[in-house]
Amino acid sequence: MTAATATPTRTGASGVLTGTGHLVRLAVRRDRLALPLWGLVLAVLPATSAGAYEQLYPSAAQRAALTTSMGDNPSITLLYGPAFDLSTAGGFTAWRFGTLLSLLLALVCVFTMTRHTRQEEDTGRQELLAAAVLGRHASLTASLLVCTGFSLVTGALSALAMISTGMAATGAIAFGLGLASVAWVFTGVAAVTAQLAEYARTANGLAGAVLGTAFALRAVGDSSSELSWLSWTSPIGWATRVRPFAGDHLELLALPLVATAVLITLAYGLERRRDVGLGLLPTSLGPAEASPLLRSPLALAARLHRGSLTGWLVGLAMLSVLFGALASDFGDIVGDNQQMREILARMGGSQGVIDAYLASVANMLGMVVALFAVQAALRMRAEEIAVRAEPLLTVGVSRLRWLAGHLVFVFGGAAAVSLATGLGMGLAHGIRSGDVAGQTGEVLLACLVQLPAVFVVAGVAVALVGLLPAQATLAWAVAAASLLLSMFGAVLDLPQAVLDVSPFQHVPKLPSVEFTATPMLWLSLVAAALTAAGIAGFRRRDIG
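As the structure is a computational prediction, the values presented were derived from the model and not from experiment. (Residues numbered from 1 in each chain as written. Predicted model: local features only at pLDDT ≥ 70, side-chain atom pairs only at ≥ 80, totals over all residues. Heavy atoms only, no water.)

A.B. asks: I'm lost on the overall build of the protein in this one. Help?
C.D. replies: Within the protein, the regular secondary structure consists of 22 helices and zero strands. When burial is assessed residue by residue, the protein has 51% of its 544 residues classed as buried. Counting only contacts in the protein whose residues sit at least 6 apart along the sequence, the fraction spanning at least 24 positions is 76%. (Helix = DSSP H or I, 4+ residues; strand = E, 2+ residues; numbered from the N terminus. Buried < 20%, exposed > 50% of the residue type's maximum accessible area, 1.4 Å probe, protein only. Contact = heavy atoms within 4.5 Å.)

A.B. asks: Even after reading the chapter, I still don't get the pattern of salt bridges, so can you show me in this structure?
C.D. replies: Pairing between side chains becomes possible if they bear opposite charge and their charged atoms approach one another. Taken as a whole and judged by the stated rule, the model has eleven salt bridges. Across the pair Arg 218 and Asp 222 runs a salt bridge whose closest N-O atoms are separated by 3.0 Å. A residue pair is termed a helical-turn pair when its members lie 3 or 4 positions apart in one helix, as Arg 218 and Asp 222 do in helix H10 (residues 200-223) at four residues. Of the two residues, Arg 218 and Asp 222, neither departs from the other in class, the shared state being buried. Residue Arg 381 is joined to Glu 384 by a salt bridge in which the shortest nitrogen-to-oxygen separation is 3.6 Å. Pair noted here: Arg 381 and Glu 384 are both in helix H15 (residues 353-385), with a separation of three residues, about one helical turn. With respect to class, Arg 381 is no different from Glu 384; both count as buried. Each of the salt bridges in this network shares a partner with another, and the network as a whole consists of Arg 30, Glu 120 and Arg 125. (Salt bridge = Lys/Arg side-chain N within 4 Å of Asp/Glu carboxyl O.)

A.B. asks: When you look at the nonpolar core in this model, what are you seeing that I'm missing?
C.D. replies: When a protein is soluble and globular, its nonpolar side chains tend to lie buried together. One finds Phe 323, Met 380, Trp 402, Leu 407, Val 410 and Met 425 to be the most contacted residues of the largest nonpolar core, which totals 74 residues. Those residues within four positions of Leu 407 in sequence are excluded, and the remaining contacts are Met 380, Gly 412, Val 462, Thr 531 and Ile 535. Core analysis: the next-biggest nonpolar cluster, separate from the first, contains 50 residues, Leu 35, Ala 106, Phe 175 and Ala 239 among them. (Core = buried A, V, L, I, M, F, W, Y, C linked by side-chain atoms within 4.5 Å.)

A.B. asks: Looking at this structure, I do not really get a nonpolar patch on the surface. What am I missing?
C.D. replies: Taken together, the side chains of Val 153, Leu 157, Leu 160, Ile 163 and Ile 173 present a nonpolar region at the surface, about 420 Å² in accessible area. At four residues, helix H8 (residues 138-164) tops the list of elements feeding residues into the nonpolar patch. Mapped onto the secondary structure, Leu 157 falls in helix H8. (Patch = residues over 30% accessible without salt bridge, like charges linked within 9 Å, V, L, I, M, F, W, Y side chains within 5 Å. Areas by Shrake-Rupley, 256 points an atom, 1.4 Å probe, with all protein chains shown as cover.)

A.B. asks: What is the right way to look at the packing of helix H5 (residues 89-116) against helix H9 (residues 169-196) in this model?
C.D. replies: Relative orientation and spacing of two packed helices are given, respectively, by the angle between their axes and the distance between those axes. Running from N to C, H5 and H9 cross one another at 30 degrees; their axes reach a closest spacing of 8 Å. Considering their axes alone, H5 and H9 lie roughly parallel with respect to each other. Judged by the twist between their axes, the crossing of H5 over H9 is right-handed. When H5 is examined against H9, the residues Thr 93, Ala 94, Phe 97, Gly 98, Leu 101, Ser 102, Leu 105, Ala 106, Cys 109, Val 110, Met 113 and Thr 114 are found in contact with a partner set consisting of Phe 175, Leu 179, Ala 180, Val 182, Ala 183, Phe 186, Thr 187, Ala 190 and Ala 191. (Axes fitted to C-alpha atoms, helices over the stretch in contact; angles between N-to-C directions. Parallel < 35°, antiparallel > 145°, perpendicular 65-115°, else oblique. Left-handed = near helix turned anticlockwise from the far one by under 90°.)

A.B. asks: It is not clear to me how the side chain of Ser 482 should be interpreted in this structure. Could you clarify?
C.D. replies: Relative to the assigned elements, Ser 482 resides in helix H20 (residues 474-488). Setting aside anything within four residues of it in sequence, one finds Ser 482 in contact with Met 367, Val 457, Ser 502, Pro 503 and Phe 504.

A.B. asks: Hey, could you run me through unusual backbone geometry in this one?
C.D. replies: For residues besides glycine, phi is generally negative; the peptide bonds are generally trans as well. Non-glycine residue Arg 243 carries a positive phi angle of around 55 degrees. Residue classification places Arg 243 among the partly exposed positions, given a relative accessible area of 27%. One non-glycine residue with positive phi stands out, namely Phe 245, at about 65 degrees. Its location among the elements puts Phe 245 in the loop between helix H11 (235-241) and helix H12 (254-271). Among the residues examined, Phe 245 registers a relative accessible area of 13% and is labelled buried.

A.B. asks: In this structure, what is going on with the packing of aromatic side chains? I would like to understand it.
C.D. replies: To describe a pair of aromatic rings, one takes the distance between the centres and the angle between the planes. Applying the stated criterion across every chain yields a total of five aromatic pairs. Between the aromatic rings of Tyr 80 and Trp 95, the centroid separation amounts to 5.1 Å while the plane-to-plane angle is 55 degrees, which identifies the pairing as tilted. A residue pair is termed long-range when its members are at least 10 positions apart, and Tyr 80 in helix H4 (residues 74-80) and Trp 95 in helix H5 qualify at 15 residues. Just above the ring of Phe 97 sits the side chain of Arg 96; from NZ or CZ to the centre is 5.5 Å. Above the ring of Phe 215, the side-chain terminus of Arg 218 is found at 5.0 Å from the ring centroid. (Phe/Tyr/Trp six-rings, centres within 6.5 Å; stacked < 30°, edge-to-face > 60°. Lys NZ or Arg CZ within 6 Å of the ring centre and 35° of its normal.)

Such coordinate-based values are descriptive only and should not be taken to indicate function.
Here you go:
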């Protein structure tokens, strides 16, 4: 009897790309809900501003004054970028949404790239496939194709949506390509960090730090005439300098294309220099014996969450300081535009434009804090999938104790981040307005009253982890829906029934209205019920 062993046929350059097509199809299947949803939202949002712009600024005089007021305000330029030409709906849309959507699209691509490369190595699936039929560069190539293709499709859809509202085609194409170009660069950045770091969280953190640095360079360069050259060191600044609807300098898109090519080439070179499952950056060894502080589930949870919690605390504290510093300028920017005042009133009360601004920002920051809570809750599921929870639960640690350690950082961490945002925004606004004590207290309370709504979103994540662990990532969809409704629902004049889907719609809009405890109580009860359901489900189901 003879036995024949089938050897997989490798194609391409020494077989390094074998299986790329299969991995592309697998990645598209795994992200068949998340990527289309993000693409649709990012593509549609800019087009929705056309009608609002016509209503808010119907006259040529108002539009001319808008460009002057925005262009002369360094605080607003710091956040949104330079206002080249706000006399058209297209120019206003490119200025208002360009930087924000570039950041969001880049983040989606960073997380997607890491998910399909470094995270696959973390779980061991990459090594299993590489030992059989998968080419050395197949995973990286497939991920690059998915991310760059997704960015291009999103940019194209955004351009088509804007053209359908009557905006100039050339400007819309420049805007869409600008969005895609930023995402391409940071797809390349994530491809490099996936080779450097040994763990997915570290790779995401490194890429996120590069993205944050790029935003800071763009912000400082755009808001300072002496340091304007800094904008040219940032991919986000390159997209801004394309100037959609205000010159359409498409030739500048060569800069991100060259940068992307360099980064991708570097990623391939680095991948050839390392083993599957390992990173190029050295990982320090831990002590021979564990610290006494790690002898409880709570201490272990603290060790697991401390890096993420610290990053969110620092990042949102800095962002809240920026928003607080902008508050004093907001009344001058709105001026006598009654329609804008009415929209701000719907977003955050009716007793003053600055109070309405502070209320709306506190509401938005609360929703961002909810993203942290979702991430912390899903860390429990990640520990299960990585088979790190099961060994603990078999040596005398009860499920409830293990779960409680993580929940302390889901809810307590969210409270700490909310406290940091309130203090940051309150102090910045208080210093600029000359009333530190009074303004800090009011703004801090406006941020803390968001916590019951944050806890509702966190409760949804905990319930999914406990009851439907395979669908736990749907918690991101809940958080994203609440964020988008909170940021754009009132401006787009959506029906109240749609706005009420977000728990943040029911939070008292301090400091412009009086505090009412009833909605806070109901939101707290809903959050408690969802959390209790998640705990009960986790205690009864199989681990993993």
